[in-house]
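# Overview (structure and organization)
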Amino acid sequence: MPVLIILLVVLMAALVFVPQWWVKHVLSQNQAERDDLGGTGAELARLLLDKADLRHVKVELTEGGDHYDPTEETVRLSLPHHDGKSIAALAVAAHEVGHALQHAEGDRMFALRGALAPRIIWIERTAQIVFFSIPLLGVLARSPALIAVQIVLIVALMGARLAMHLVTLPIELDASFKRALPILEAGKFVPEQDRPAARRVLTAAAYTYVAAALLTLVDVTRFIRILR
């Protein structure tokens, strides 16, 4: 039995950390500066937005990770992807522009994620408050039933976060493969021999949320075991 438990722990750790490692590995592997690419990630993002008649959408440098902010209509790129002239920079920039295109076209799934995001933040904060209140209420109320209710609530709240990640995945896949990749290929922004690398970067950009979803799933499973 201990061996089985160890194997399960190793498997769960692999499911969580291998995708995270793979995403970072693919991005770092394709961040070498290339003078033959013609422009930086920020320059490509600006060009693509202008071509799509989205001149009002801004492109900014950020320290908060690559993303598109629909509230401020801004494509934000990290330093390696904003100023970098690499396959990773171009692919990530095109991916984030893909989200701007989704927003401009009124994509339903993108709008659903936008509506859910503020609620998920509130749900996560509620889960944290409930979690840290368990020992205190357990001492004051001395009620196992109350603690069980709290754990059930935490699992439900984490389940909502998992649902958010599942909603996000098709949006990310659409931004990578139905928008960014065709744009890069049609505009010949990436040399033909580098397109497999660009595809890997776009896959990594899309599957960032898979790693997050798996981590959430592990948390939910852990609390279900506690409840049992």
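The following paragraphs examine the structure supplied in this document. Computed from a prediction, not measured in an experiment: that's the story for all the values here. (Residues numbered from 1 in each chain as written. Predicted model: local features only at pLDDT ≥ 70, side-chain atom pairs only at ≥ 80, totals over all residues. Heavy atoms only, no water.)

### A closer look at the overall build of the protein
Of the regular secondary structure elements, the protein holds seven helices and three strands. Burial statistics for the protein: of 228 residues in total, 39% are counted as buried. When contacts within the protein are restricted to residue pairs at least 6 apart in sequence, long-range pairs at least 24 apart make up 71% of them. Only carbon and sulfur atoms are counted for the fraction: they give 65% of the accessible area of the protein, which is about 12900 Å². (Helix = DSSP H or I, 4+ residues; strand = E, 2+ residues; numbered from the N terminus. Buried < 20%, exposed > 50% of the residue type's maximum accessible area, 1.4 Å probe, protein only. Contact = heavy atoms within 4.5 Å. Areas by Shrake-Rupley, 256 points an atom, 1.4 Å probe, with all protein chains shown as cover.)

### Topic: the packing of aromatic side chains
Taken as a whole and assessed by the stated rule, the structure comprises one aromatic pair. Ring centres of Y68 and F110 lie 6.2 Å apart, and the angle between their planes is 40°; this geometry places the pair in the tilted category. Here Y68 is found in strand β2 (residues 67–69), whereas its partner F110 is found in helix α5 (residues 108–141), with 42 residues between them in sequence. For F110, a relative accessible area of 6% puts it in the buried group. (Phe/Tyr/Trp six-rings, centres within 6.5 Å; stacked < 30°, edge-to-face > 60°.)

### Concerning the pattern of salt bridges
Inspection of every chain in the model, using the stated rule, returns ten salt bridges. Note that R46 and D50 form a salt bridge whose closest N and O atoms lie 3.1 Å from each other. Of the two residues, R46 and D50 are both situated in helix α2 (residues 41–51); the distance of four residues between them amounts to about one turn of the helix. A salt bridge links R179 to D174, with the nearest nitrogen and oxygen atoms 2.5 Å apart. With respect to class, R179 is no different from D174; both count as buried. Bridged by salt links that share partners, the residues E60, D69, E72 and R76 form one connected network. (Salt bridge = Lys/Arg side-chain N within 4 Å of Asp/Glu carboxyl O.)

### Quick notes on the nonpolar core
L49, V75, L184 and V201 are the most contacted members of the largest nonpolar core, which totals 36 residues. Secondary structure elements with two or more residues in this core: α1 (2–29), α2, β3 (74–77), α4 (87–104), α6 (144–186) and α7 (195–227). In terms of residues, this core owes the most to one element, α4, which gives ten residues. If near-sequence neighbours (up to four positions away) are discounted, L184 is found in contact with L44, L90, A91, A94, F189, V190 and L202. (Core = buried A, V, L, I, M, F, W, Y, C linked by side-chain atoms within 4.5 Å.)

### Focus on a negative patch on the surface
Judged by side-chain charge, E33, D35, E43 and D83 come together as a negatively charged surface patch. By the element assignment, E33 lies in the loop between α1 and α2. What makes E33 exposed here is its relative accessible area of 53%. (Patch = residues over 30% accessible without salt bridge, like charges linked within 9 Å, V, L, I, M, F, W, Y side chains within 5 Å. Lys, Arg positive; Asp, Glu negative; His and termini not counted. Charge placed at Lys NZ, Arg CZ, Asp CG, Glu CD.)

### Re α4
One turn of an α-helix holds 3.6 residues; hence residues three or four places apart share an orientation. Spanning 18 residues, α4 covers 26 Å between terminal C-alpha atoms, matching the ideal 26 Å at 1.5 Å per step. Across the 18 residues of α4, 16 count as buried, placing the element largely inside the fold. Where α4 ends, the next residue or the one after it, G106, has phi of about 70°, a positive value. (Expected span 1.5 Å × (residues − 1).)

### Details of α2
By the burial criterion, the buried members of α2 are G41, A42, L44, A45, L48 and L49. All buried residues of α2 fall inside an arc of 160° around its axis, so they share one side. Directly beyond the C-terminal end of α2, a positive phi value near 60° is found at D53. (Arc of directions from axis to C-beta.)

### Considering the sheet that holds β2
Strands sit in the order β1-β3-β2 across an open sheet of three strands; the sheet is mixed. The open sheet is flanked by β1 (58–61) and β2, the only strands paired with a single partner. Strand-to-strand twist across the sheet, computed as the mean angle between neighbouring axes with direction ignored, equals 25°. Two strands pair when backbone bridges link them, and β2 and β3 are joined in this way by three bridges, in the antiparallel orientation. Looking at the pairing, Y68 lines up with V75 of β3. Set on the sheet, α2 makes contact with β1 and β3; between it and β1 the angle comes to about 170°. (Pairing = 2+ DSSP bridges. Axes fitted to C-alpha atoms, helices over the stretch in contact; angles between N-to-C directions.)

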